[in-house]
Amino acid sequence: MSITNQFKAAIIGDVSKILAEDVGNGDVTTKIVDESAMAKAIIVAREPMTMAGQPWVNEVFAQLDSRIVVEWTFNDGDHVHADAELCIIRGPARAILTGERSALNFVQFLSATATLTSRYVKAIEGTSAQILDTRKTIPGLRHAQKYAVRVGGGSNHRIGLYDAILIKENHVFSAGGIETAVQTARKRHPELPVEIEVETIGEMQEALAAGADRVLLDNFDIEDLQRAVEINQRTCQPPADLEASGGITLDNIFKIAETGVDYISIGALTKHINAIDLSMRFGYE
């Protein structure tokens, strides 16, 4: 998967921050290992997963010692079976030991996001809906988790508060109503798409009349989602994009996708994750 310059900068920053947190002013334990010792380590998956995090692992070892070489057996986005060897790491033993935990942390958490995303993507196969993430991410690792969502087959919603407009309930209240909120947003940032969150069919009709590019249907039931799609297609040419959100699970997502909404956003992709079980086997060359 291609990585933009923004993501490259995020990878470098993420790894620098994590290594500073873990290593501090030096790894005192690795001093028991001979400085000249060379080692080979293998990262092993203990459970099935969709792999993600390769660029972060590479950067961990690049920052620790340029002599370390990481050879990958799988690529990000690959579905990996339990007990598979993800990669072989060769180089100075001290540096590999220092980077072990940080590297595993990146793979286990990003693979967890990618794996969960892939399950949701698979659950709506045969529909035209797309799976989106949200801003409900681990603090400081938003770019990493957004990358993992893409690896898992999902799509990214806005990265932050700067690259798209999403007018939520409290914005509407503070701005003085739906029409005023949409028109003001359009006037101030004509270059950006304008999305607004609504909670009723009536609010959705107001948002459509105000010219919103996308309407987020918050906690709509199946019947109201179907009505929303029908009203949108009947009254808007071209129709606005419709996004369903709230209360989405693997059990109900197919029915939601069948209503004809364009997008389904799921906070659980990045906040309700269980780290993938991994281990690193170590040996000397």
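Notes on the structure follow. Since this is a predicted model, take the numbers as computed values, not measurements.

Description of the overall build of the chain
Moving on, step 1. In terms of helices and strands, the chain carries 10 helices and 12 strands.
Moving on, step 2. Once the C-alpha set of the chain is aligned to its principal axes, its extents read approximately 70 × 40 × 25 Å.
Moving on, step 3. Relative to its 285 residues, the chain shows a buried fraction of 50%.
Moving on, step 4. Put simply, 72% of the contacts in the chain that link residues at least 6 apart link residues at least 24 apart.
Moving on, step 5. Accessible surface for the chain amounts to roughly 14000 Å². Of this, 49% is attributable to carbon and sulfur atoms.

Observations concerning the environment of Phe7
Moving on, step 1. As for its placement among the helices and strands, Phe7 is situated in helix α1 (residues 5-23).
Moving on, step 2. Classification of Phe7 as buried rests on a relative accessible area of 5%.
Moving on, step 3. Once the C-alpha coordinates of Phe7 and Tyr147 are considered, the two residues, 140 residues apart in sequence, prove to be 8.3 Å apart.
Moving on, step 4. With near-sequence residues (within four places) excluded, Phe7 lies in contact with His143, Lys146, Tyr147 and Arg150.

Some thoughts on the side chain of Glu197
Moving on, step 1. Positionally, Glu197 belongs in strand β8 (residues 194-198).
Moving on, step 2. On the basis of relative accessibility, which here comes to 13%, the residue Glu197 falls in the buried class.
Moving on, step 3. Among the polar contacts listed, one links the side chain of Glu197 to the backbone nitrogen of Glu169, at a separation of 3.4 Å.
Moving on, step 4. Here Glu197 is in contact with Leu166, Ile167, Lys168, Glu169, Leu216 and Asp218, once residues within four sequence places are set aside.

Structural notes on the nonpolar core
Moving on, step 1. The biggest cluster of nonpolar side chains holds 88 residues, and the ones touching the most others in it are Phe61, Leu86, Ile89, Leu217 and Ile264.
Moving on, step 2. Broken down by element, this core gets its largest block of residues, 12 residues, from helix α3 (residues 93-123).
Moving on, step 3. If near-sequence neighbours (up to four positions away) are discounted, Phe61 is found in contact with Ile68, Val70, Ile89, Ala95, Ile96, Gly99, Ala103 and Met280.

Notes on the pairing of strand β9 (residues 214-218)
Moving on, step 1. Within β9, 5 of the 5 residues are buried, which leaves it mostly tucked inside the rest of the structure.
Moving on, step 2. Alternating residues of β9 divide into Arg214, Leu216 and Asp218 and Val215 and Leu217, and every residue in both groups is buried.
Moving on, step 3. Regarding topology, helix α7 (residues 201-210) serves as the crossover connection from β8 to the parallel β9, and that connection is right-handed.
Moving on, step 4. For β9 and strand β10 (residues 241-245), the ladder comprises 5 bridges, and the chain directions are parallel. Each bridged residue has a counterpart across the sheet, and for Leu217 the counterpart in β10 is Ala244.
Moving on, step 5. The β-α-β motif built from β9, the intervening helix α8 (residues 222-235) and the parallel element β10 has right-handed crossover chirality.

Parameters at a glance
Residues numbered from 1 in each chain as written. Predicted model: local features only at pLDDT ≥ 70, side-chain atom pairs only at ≥ 80, totals over all residues. Heavy atoms only, no water. Helix = DSSP H or I, 4+ residues; strand = E, 2+ residues; numbered from the N terminus. Buried < 20%, exposed > 50% of the residue type's maximum accessible area, 1.4 Å probe, protein only. Contact = heavy atoms within 4.5 Å. Areas by Shrake-Rupley, 256 points an atom, 1.4 Å probe, with all protein chains shown as cover. Polar contact = N/O pair within 3.5 Å; in protein donor to acceptor, adjacent residues only side chain to side chain. Core = buried A, V, L, I, M, F, W, Y, C linked by side-chain atoms within 4.5 Å. Right-handed = clockwise from strand over helix to strand, strands pointing away. Pairing = 2+ DSSP bridges.

Purely geometric numbers; function is a separate question.
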